[in-house]
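# Summary of the model geometry
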Amino acid sequence: MKAGFVCTALLLLATPAVAQVGHPPADSPYRDLEFRQELSVVAGYFFAAKDPAGVAPRSAPMLGARYEARVGGPAMLMVRAARVFSERRVIRPDTTAAFRDLGVRSWPLYLADVGLTLNLTGQKSFHHLVPVTSLGVGVASDLKSPDAGGFHMGTSFAFSLGGGVRWVPGGRFQVRADLTDHLYQIKYPPLYYRLASDSTQVLKNSQGRSVWKHNAAITVGASYLLFR
């Protein structure tokens, strides 16, 4: 009888200790992500890599929009577009080196892609933060005709790879920051390889007619969350 009483007392004493394992829901650092879609406005800076001829669109501020929708588990479909307020140097490759440079002109660059974003903490935030990674495919274009020297970006196939973090404080708004690598191709016209009358040329014949460039972009944005 005494042994049974002692066992019962020990069980009663142990019960509160068992209940303390983990975090009470109100104190847990994890929060469910309640909304399935988000629409973001983003702004930042585009760091363009240099090209051999020095005529591609340069680094500049950028502005864009981004839409994401949950497609299953921690994965989200991503659609985004941005305008880079870029400039570039225009040249006449068929003239002598002294008169070749026509100056720097406004030459915006447009980026668009679709892809997948992965929430690294699943469908939860950790201390209101959600680290993410993304992979996309799309286009980069200047939407312009060739310049006096025959160069333009045209529309190039492009890839994107990046990561970032979302701050989800609760409610229908969040803040995000992202770092993205945009990879696209630059092509040069035949005039860039021809000798001018002073025996100079823009590019040596050993230089490839096209180059792939890695270009970094840092953006911050505000999002409105949709549909639970």
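None of the values given here were measured: they were computed from a predicted structure.

Let us now look at the overall build of the chain. On a plain count of helices and strands, the chain comes out with 1 helix and 12 strands. Shown N-terminal to C-terminal, the secondary structure of the chain runs as helices and strands in the order α-β-β-β-β-β-β-β-β-β-β-β-β. Counting across all 228 residues of the chain, residues that qualify as buried make up 39%. For the chain, the share of sequence-separated contacts (at least 6 apart) that also reach a separation of at least 24 residues comes to 67%. When the accessible area of the chain is evaluated, it comes to approximately 12700 Å², of which 67% is carbon and sulfur surface.

Before going further, it helps to spend a moment on the nonpolar core. Counting 25 residues, the largest nonpolar core has Phe46, Leu111, Tyr184, Ile186, Tyr188 and Tyr192 as the members making the most contacts within it. Among the elements of the structure, strand 3 (60–72), strand 4 (75–84), strand 7 (109–119), strand 11 (173–187) and strand 12 (210–226) are those that each provide at least two residues to this core. One finds Leu33, Phe35, Val130 and Leu225 within the second-largest nonpolar core, a separate group that totals 6 residues.

Before going further, it helps to spend a moment on a nonpolar patch on the surface. A surface patch of nonpolar side chains, amounting to about 780 Å² of accessible area, comprises Val71, Leu77, Val79, Val114, Leu116, Val137, Phe157, Phe159 and Trp212. Going through the elements one at a time, strand 4, strand 7 and strand 10 (155–167) are the ones with two or more residues in the nonpolar patch. Turning to its location among the elements, Leu77 is positioned in strand 4.

To continue, consider the confidence of the model for the chain. Any residue range with low pLDDT should be treated as having predicted coordinates unsuitable for detailed reading. Here the chain averages 90 in pLDDT, and 89% of its residues register 70 or above. Here residues 5–21 is modelled with pLDDT under 50, and outside its nearest four sequence neighbours on either side it reaches 0 contacts, counting other chains as well.

Notably, Ser199 is not glycine yet its phi reads approximately 65°, a positive angle. Following the sequence through the fold, Ser199 ends up in the loop between strand 11 and strand 12. Positive phi outside glycine occurs at Phe227, with the angle close to 60°. Inspection of the secondary structure assignment puts Phe227 in the segment after strand 12.

As for its placement among the helices and strands, Arg80 is situated in strand 4. On the basis of relative accessibility, which here comes to 11%, the residue Arg80 falls in the buried class. A distance of 2.9 Å separates a polar atom in the side chain of Arg80 from a polar atom in the side chain of Asp113. Only 3.1 Å separates the side chain of Arg80 from the side chain of Ser160, close enough to count as a polar contact.

The rules behind these values
- Position labels on residues start from 1 in each chain and follow its written sequence.
- Only residues with pLDDT of at least 70 get local features here, since the model is predicted, and only at 80 or more are side-chain atom pairs given and counted; chain-wide, interface and lining totals rely on the full set of residues.
- With hydrogens and water excluded, all non-hydrogen atoms of the structure serve as input to the side-chain values.
- Secondary structure is summarised from DSSP: a helix means a run of H or I of at least four residues, a strand means a run of E of at least two, and numbering begins at the N terminus for each.
- Only protein chains enter the area calculation, which uses a 1.4 Å probe; residues under 20% of their type maximum are buried, those over 50% are exposed, and those in between are partly exposed.
- When checking whether two residues touch, look at their non-hydrogen atoms; a contact exists if any pair is within 4.5 Å.
- For the area figures, the Shrake-Rupley method with a 1.4 Å probe applies, and any residue is considered shielded solely by the protein chains shown.
- We call a set of buried residues a nonpolar core when its members are Ala, Val, Leu, Ile, Met, Phe, Trp, Tyr or Cys and they connect through side-chain atoms within 4.5 Å of each other.
- Put simply, a patch holds well-exposed residues, over 30% relative accessible area, that have no salt bridge, with like charges counted together within 9 Å and Val, Leu, Ile, Met, Phe, Trp or Tyr side chains within 5 Å.
- Should a side-chain nitrogen of Lys or Arg be within 4 Å of a carboxyl oxygen of Asp or Glu, the pair is scored as a salt bridge.
- Values of pLDDT, the confidence the predictor places in each residue, fall between 0 and 100.
- Polar contact is the term for a pair of N or O atoms within 3.5 Å; when the atoms are in protein, one must be able to donate a hydrogen and the other to accept it, and sequence-neighboring residues count only if both atoms are side-chain atoms.

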